[in-house]
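Here are the chains, one letter per residue:
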Amino acid sequence: MVVSDPLPSWHDRGAKQAIVEFVTRVTRDRHADFVPPQERIAVFDHDGTMWVEQPMYTQLAFAIDRVKALAPAYPEWHAQQPFKAALEDNLAALAATGERGAAELVAATHANDTTDEFTEIVIGWLMNARHPTLRRLYTELVYQPMVDMLAYLRANGFTTFIVSGGGVELIRPWTQRVYGVPPEQVIGSRVKLHYEYRGNRPVLYRLPEIEPVDDRAAKPAAIYEAIGRRPILAFGNSDADFEMLDWTTAGDGPRLGVLVHHTDAAREFAYDRDTHFGRLSRAVDAAPDRNWVVVDMARDWREMFAAT
C-alpha cells in the first residue's frame, strides 16, 4: 500500500526527516520515547513562523492603517511620534521609537471599542488590506509547509497552540479557518478589558492599556499560565523565540526545537541578523548545541504560500 506524504510541501531533506522521526518516536506505542497524547503539546510562534513579517509585522501594518483612519479626530498626531512616522509611512523612524512606540500605537489604535466591534474591524481589514510588495491579502501569505505541519501533528495526537508576541485579537478571528487552530489555542499579547453595560447589554470594552507583551522570556510564562504544561515541540523563527524553544527543549524526555530560517529572497524574503523585524542571531547560533532543527526555507520547502 502506498502511504501518502503527510508533508507534501516539504522537500525530503534533513529538516523534514528530523521532525518526522521525532513525531514517529513519541507516538509509537511501547517505544521508549512514547509520549501520551495529553502531553503532546506543540507551540508555534506566529509572525515569521506561520506568515510573513517583512517589511514589518502585520500587526504594525494594521496599526498604521488604524492611525490613518483615526487621525482626523487627533490632529496632534501629525506632529507627535510615533503617530507622525505612521502617518508618513516612515518605517525607519517608527522602528527608532522601539517597543515604547509600538506600545503607544497599539494602545491608541486597538482600544475604545467593544470586543465584538474590534473583531469586526479586524475582519474587515483582513478582507481588504494587501501586503505592500507581495500584493496579496495577509491571510493568503501563510506558509503552506506550516499549515501542513499543523495538520500532520494533529493527525498524530498533538494539540497545537499559536504563541505570538502580537495581539490575540488580530489573530483569533481567523485561525480556525486558516490553520485549524481554535481561538482558545491562541496565546498572545492583550489589551486590558473592562466589563460594563451598553444599554441593557453587558459588553467587554477594550481599554488603552496593554498587558505585558507576550514575547521573549514572557513566552514560556504565558504558555504555562495558559496550558499548564511544558510543550515537547516548539517552532520559532527569531531571537524573540529563543526562550520558548530553550524552555521547551530543556524538559525531561523527548523534545524538539525548530527554527524557520528565512533564506528565500526569490519567493519571499531573505534575512536574519540585520533586520528590525524578526532578527535571528542568538537562536541560530545556539541551535547546534541544543540540537534544534534549522529549516532552510529556500531548500526545505517545495511551496511557500498556502493555495487560495
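Residues numbered from 1 in each chain as written. Predicted model: local features only at pLDDT ≥ 70, side-chain atom pairs only at ≥ 80, totals over all residues. Heavy atoms only, no water.

(A) Broad picture of the overall build of the chain. Assigned secondary structure in the chain consists of 12 helices and 8 strands. Relative to a compact globule of 308 residues, whose C-alpha radius of gyration would be 19 Å, the chain shows 20 Å and is just as compact. Oriented by its inertia axes, the alpha-carbon framework of the chain measures out at about 65 × 45 × 35 Å. The 308 residues of the chain split such that 50% are buried. Across the chain, the fraction of contacts at a sequence separation of at least 24, relative to all contacts at a separation of at least 6, is 66%. Summed over its atoms, the accessible surface of the chain is roughly 14,200 Å², and 50% of this surface lies on carbon and sulfur atoms. The distance from the centre of the 33 positive side-chain charges to the centre of the 43 negative ones in the chain is 3 Å. (Helix = DSSP H or I, 4+ residues; strand = E, 2+ residues; numbered from the N terminus. Rg over C-alpha atoms; globule rule 2.2 N^0.38 Å. Buried < 20%, exposed > 50% of the residue type's maximum accessible area, 1.4 Å probe, protein only. Contact = heavy atoms within 4.5 Å. Areas by Shrake-Rupley, 256 points an atom, 1.4 Å probe, with all protein chains shown as cover. Lys, Arg positive; Asp, Glu negative; His and termini not counted. Charge placed at Lys NZ, Arg CZ, Asp CG, Glu CD.)

(B) Just a nonpolar patch on the surface, in detail. Taken together, the side chains of L193, Y195, Y197 and L204 present a nonpolar region at the surface, about 430 Å² in accessible area. Counting residues per element, the nonpolar patch draws most heavily on strand β4 (residues 191-198), at 3 residues. Here L193 lies in strand β4. Among the residues examined, L193 registers a relative accessible area of 42% and is labelled partly exposed. (Patch = residues over 30% accessible without salt bridge, like charges linked within 9 Å, V, L, I, M, F, W, Y side chains within 5 Å. Salt bridge = Lys/Arg side-chain N within 4 Å of Asp/Glu carboxyl O.)

(C) Quick look at the sheet that holds strand β6 (residues 233-236). Strand order in the open sheet made by the 6 strands is β3-β2-β1-β6-β7-β8, with parallel pairing throughout. Strands at the two margins of the open sheet, each flanked by one partner only, are β3 (186-189) and β8 (293-296). On average, each strand axis in the sheet is inclined to that of its neighbour by 20 degrees, with strand direction left out of account. Direction of pairing for strand β7 (residues 256-261) relative to β8: parallel, over a ladder of 4 bridges. Counted as the bridge partner of L259 is V294 from β8. Together, β1 (41-44), β2 (159-167) and β3 form the strand contacts of helix α9 (residues 218-227), whose direction differs from that of β2 by roughly 130 degrees. (Pairing = 2+ DSSP bridges. Axes fitted to C-alpha atoms, helices over the stretch in contact; angles between N-to-C directions.)

(D) Molecular detail of the packing of helix α2 (residues 58-70) against helix α6 (residues 115-128). In contact at an axis separation of 12 Å, α2 and α6 are set at 105 degrees when each is read in the N-to-C sense. Our classification of the angle between α2 and α6 gives roughly perpendicular. Taken together, the residues of α6 that come into contact with α2 (itself represented by T58, A61, F62, D65 and R66) are F118, I121, V122 and W125. Within the contact of α2 with α6, the residues separate by chemical class into 6 nonpolar, 1 polar and 2 charged. (Parallel < 35°, antiparallel > 145°, perpendicular 65-115°, else oblique. Nonpolar A, V, L, I, M, F, W, Y, C, P; charged D, E, K, R; others polar.)

(E) The arrangement of the pairing of strand β5 (residues 201-210) in detail. Relative to β5, β4 is paired through 7 bridges, and the arrangement is antiparallel. Counterpart to R198 in the pairing with β5 is R201. The loop that links β4 with its antiparallel partner β5 comprises 2 residues; one of these, G199, has a positive phi angle of about 70 degrees.

(F) Representation of the pattern of salt bridges. For the coordinates displayed, the defined rule picks out 19 salt bridges. Residue R25 pairs with E21 through a salt bridge whose shortest N-O separation is 2.7 Å. Note that R25 and E21 are positioned in helix α1 (residues 14-27) at a spacing of 4 residues, about one turn of the helix. Classification of E21 as partly exposed rests on a relative accessible area of 40%. When the shortest N-O distance is used, the salt bridge between E104 and R100 registers 2.3 Å.

(G) The nonpolar core, seen in detail. L153, Y179 and L233 are the most contacted members of the largest nonpolar core, which totals 66 residues. Setting aside chain neighbours within four positions, we find L233 in contact with F22, I41, A42, V43, L153, F158, T248, L256 and V258. Counting residues in each nonpolar core, the second largest holds 19 residues, with I41, I187, F242 and L259 among its members. (Core = buried A, V, L, I, M, F, W, Y, C linked by side-chain atoms within 4.5 Å.)

(H) Broad picture of helix α5 (residues 98-109). Helix length check: α5, at 12 residues, gives a terminal C-alpha distance of 17 Å against a target of 16 Å (1.5 Å per residue), a fit within 8%. Every buried residue of α5 is accounted for by G101, L105, V106, A107 and T109. Those residues of α5 hidden inside the fold are in contact with α2, α3 (83-87), α4 (91-96), α6 and β5. (Expected span 1.5 Å × (residues − 1).)

Note that all results are geometric; they support no functional claim without further evidence.
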